[in-house]
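Coordinates in review
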Amino acid sequence: MSSETAPSQRNLKSTKTSEISQTNFTPFDSEEAVGEFEDAWEDERDDEGEVVISPDSDEEDGEMEVDDEEEEVQDEVKVYLPDQILQDGEELVADQSAYDMLHSLTVEWPCLSFDILRDPLGSSRSIFPHTAYVVAGSQAERPKDNRMYVMKMSQLHKTKHDNGDDEDEDDNADDLDDDPELDYKAIPHFGGVNRIRAMPHTDSQIVASWAETGKVHIWDLTPFVTALDTIGGQTPKDPKPIFTVDRHHKTEGYGLDWSPISPGRLLSGDNAQKIYLTQYASSGEFVTESQPFIGHSSSVEDIQWSPGEENVFVSAGADGFIKVWDLRTKKEAMLGIQAHDCDVNVISWHRLVMVPRLSNAAKTPHRRK
C-alpha cells in the first residue's frame, strides 16, 4: 500500500469506502451475489456505432480543437507529493504507466486490514495473467454484520498501457484484455477486524485477526482456500477460530505479527500498552504467555518481527517511540528511540541490512472511541 501520510487508524472506522492495495472488494450477503472488478472504461466504444464525417464537415476541425484542449489538460497534470494539500476540485488519479498491473473493485464496508495468503504458484511470477489469494476483514456498523473474506483473484492481466499508450503493443499474450475474475468465501466475524495477518509459511493457511472486541482469533482457512480451487467445493457451515486470546488483552489493539522464522509464534499489542506472545506448543495447541512486554506509554500501533533474528522484534507506539525487544527478557526493551513527536502507526524492517524503517506517522492525535 502507499505510505502517504494518513489520519489516525481509529478515524478510518467511520469511513464508508476503503482501499485494499488499490483493490476494493464488495462484501456479499449471499453466495449468488458475486462481486465484479470495476472497468474504468466500461467498454465505452461498444455502443457508439459507426460515425461517418463528410469531407466538408466542421466536425473534423472540432475534434482537432478538442484534442488541443486535452493536451493542455494533460500538461497541467502534476505528481502528488506527501504533505501536499488538494485544492477544491482536485483528485488523485493513478498513473497507469507506474504499474504493470492495477485492478480495482468496490466495497460495501471499509476493510481496515488485509493480507496476502501463501500459495504454491511461486514467489517470483513474471508471466501474466496472475492469480492472488487475499484475506480481509470488514468494519461494519453492527458487530454481528462483520465478515472475513477469503478471496481468489484470477485472470489478472497486465494493465500498464490501458491509458491509451501503445507502447509494448506486441507483448504477446501478456496484454490480453480479458476481464479479471473474483471468487470468495465469507466467514462470520463478531466485531470489526482491526488487523489481519496470515502466517508466512507456505504449508499452512493460518490467519490471526485482531477484533475490536479485544480478542485475537486464530483461524485455519485451509478448507476455504481449497474450496476456491475446487468446483462445487464445500466449506464448514459454522466456522470457529482454532484459538482465541481472550483473557489477556483488556482492550482492543492493532499490533499483530507472525514470526517469519519460527512457525506459530504470534505477537499482539493493544491500546493498554501491552504486548503478548502466543505460540504453538509441543502439546499441539496454541498457548499465550501470561506476562506481557510493557514499555510504551500509549497504545501499541504496530509490531514487526526481525526477519533475521528469531528472538527479536520491534514495536511502534502512539507515544512516538519505537522499541526493540528480545524474547529472552521482558523487564524492559533493549532499545527505545523517540522517532516522532506524534503517533508512529507503521514500522517495517529493511530486508537487506536488518534495521527497522519507520513510515506513516500520524500528524493528529488519536480520537478515542
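Residues numbered from 1 in each chain as written. Predicted model: local features only at pLDDT ≥ 70, side-chain atom pairs only at ≥ 80, totals over all residues. Heavy atoms only, no water.

**Thoughts on the pairing of strand β5 (residues 193-198)**
What counts here: The buried label goes to any residue with under 20% of its type's maximum accessible area, the exposed label to any with over 50%, and the partly exposed label to all in between, with areas taken from a 1.4 Å probe on protein chains only. Working definition: helices are DSSP H or I runs of at least four residues, strands are E runs of at least two. Numbering for both runs from the N terminus. DSSP calls a pair of strands paired once it identifies at least 2 bridges connecting them.
In terms of burial, β5 is largely enclosed, as six of its six residues are buried. Examined bridge by bridge, β5 and strand β6 (residues 206-211) share five bridges and lie antiparallel to one another. Looking at β6, one finds that A198 is bridged to V207.

**Comments concerning a negative patch on the surface**
Stated formally: Patches in this entry comprise residues that are over 30% relatively accessible and not in a salt bridge; like charges within 9 Å are linked, as are nonpolar side chains (Val, Leu, Ile, Met, Phe, Trp, Tyr) within 5 Å. Each accessible area is a Shrake-Rupley result for a 1.4 Å probe, and residues are judged covered by the shown protein chains and nothing else. Every case where a carboxyl oxygen of Asp or Glu lies within 4 Å of a side-chain nitrogen of Lys or Arg is listed as a salt bridge. Only four residue types enter the charge count: Lys and Arg as positive, Asp and Glu as negative, with His and the chain ends excluded. Think of each charge as sitting on NZ of Lys, CZ of Arg, CG of Asp or CD of Glu.
On the surface, D178, D179, E181 and D183 cluster together into a negatively charged patch. Turning to its location among the elements, D183 is positioned in strand β4 (residues 181-188). Residue classification places D183 among the partly exposed positions, given a relative accessible area of 34%.

**Here's the deal with the sheet that holds strand β3 (residues 147-156)**
Selection criterion: Helix axes are fitted only over the stretch in contact, all axes being lines through C-alpha atoms; the angle between N-to-C directions runs from 0 to 180 degrees.
With antiparallel pairing, the four strands of this open sheet are ordered in space as β1-β2-β3-β4. The open sheet terminates on both sides in strands that have one partner only, identified here as β1 (113-116) and β4. Geometrically, the sheet is characterised by an average inter-axis angle of 20 degrees between neighbouring strands, direction not taken into account. Pairing of β1 with strand β2 (residues 130-137), which is carried by four bridges, proceeds in the antiparallel orientation.

**With respect to the sheet that holds strand β8 (residues 243-245)**
Reading across from one edge, β5-β6-β7-β8 is the order of the four strands in this open sheet, with antiparallel pairing throughout. Edge strands, defined here as strands with exactly one partner in the open sheet, are β5 and β8. Neighbouring strand axes in the sheet, compared pairwise and without regard to direction, differ in orientation by 20 degrees on average.

**Observations concerning the confidence of the model for the chain**
As a reminder, the rule being used: Note on scores: pLDDT gives the predictor's confidence for each residue, bounded by 0 and 100. In this description, contact between two residues means that some pair of their heavy atoms is separated by no more than 4.5 Å.
Summary statistics for the chain give a mean pLDDT of 80 and a share of 71% for residues scoring 70 or more. Across residues 1-34, confidence stays below pLDDT 50; counting only partners more than four residues off in sequence or on other chains, it has 93 contacts. Confidence over residues 44-55 falls short of pLDDT 50; this stretch has three contacts with residues more than four positions distant or in other chains.

**As for the pattern of salt bridges**
Summed over the entire model, instances satisfying the criterion amount to eight salt bridges. Among the salt bridges present, the one from D229 reaches K152, with a minimum N-O distance of 2.9 Å. Here the residue D229 occupies a position in the loop between α2 (222-228) and β8, and K152 occupies one in strand β3, the gap between them amounting to 77 residues. Linking K240 and D238 is a salt bridge whose minimum nitrogen-to-oxygen distance equals 3.7 Å.

**Structural notes on unusual backbone geometry**
P129 follows F128 through a cis peptide bond whose omega is 0 degrees. In this fold, P129 is placed in the loop between β1 and β2. In this structure, Q155 is a non-glycine residue whose phi angle is positive, near 55 degrees. In this fold, Q155 is placed in strand β3. Using a relative accessible area of 28% as the deciding quantity, one classes Q155 as partly exposed. Even without glycine at this site, Q273 takes up a positive phi of about 70 degrees.

**Thoughts on the pairing of strand β15 (residues 312-317)**
In terms of burial, β15 is a largely internal element, six of the six residues being buried. Of the two faces of β15, the one carrying V312, V314 and A316 and the one carrying F313, S315 and G317 are both buried. Where strand β14 (residues 300-305) hands over to β15, the hairpin turn is made up of six residues, counted between the paired strands. In terms of strand pairing, β15 meets strand β16 (residues 321-326) through five bridges, oriented antiparallel. Residue pairing across strands places A316 opposite I322, the latter belonging to β16. Hairpin connection from β15 to β16: three residues lie between these consecutive antiparallel strands, with G320 at a positive phi of about 85 degrees.

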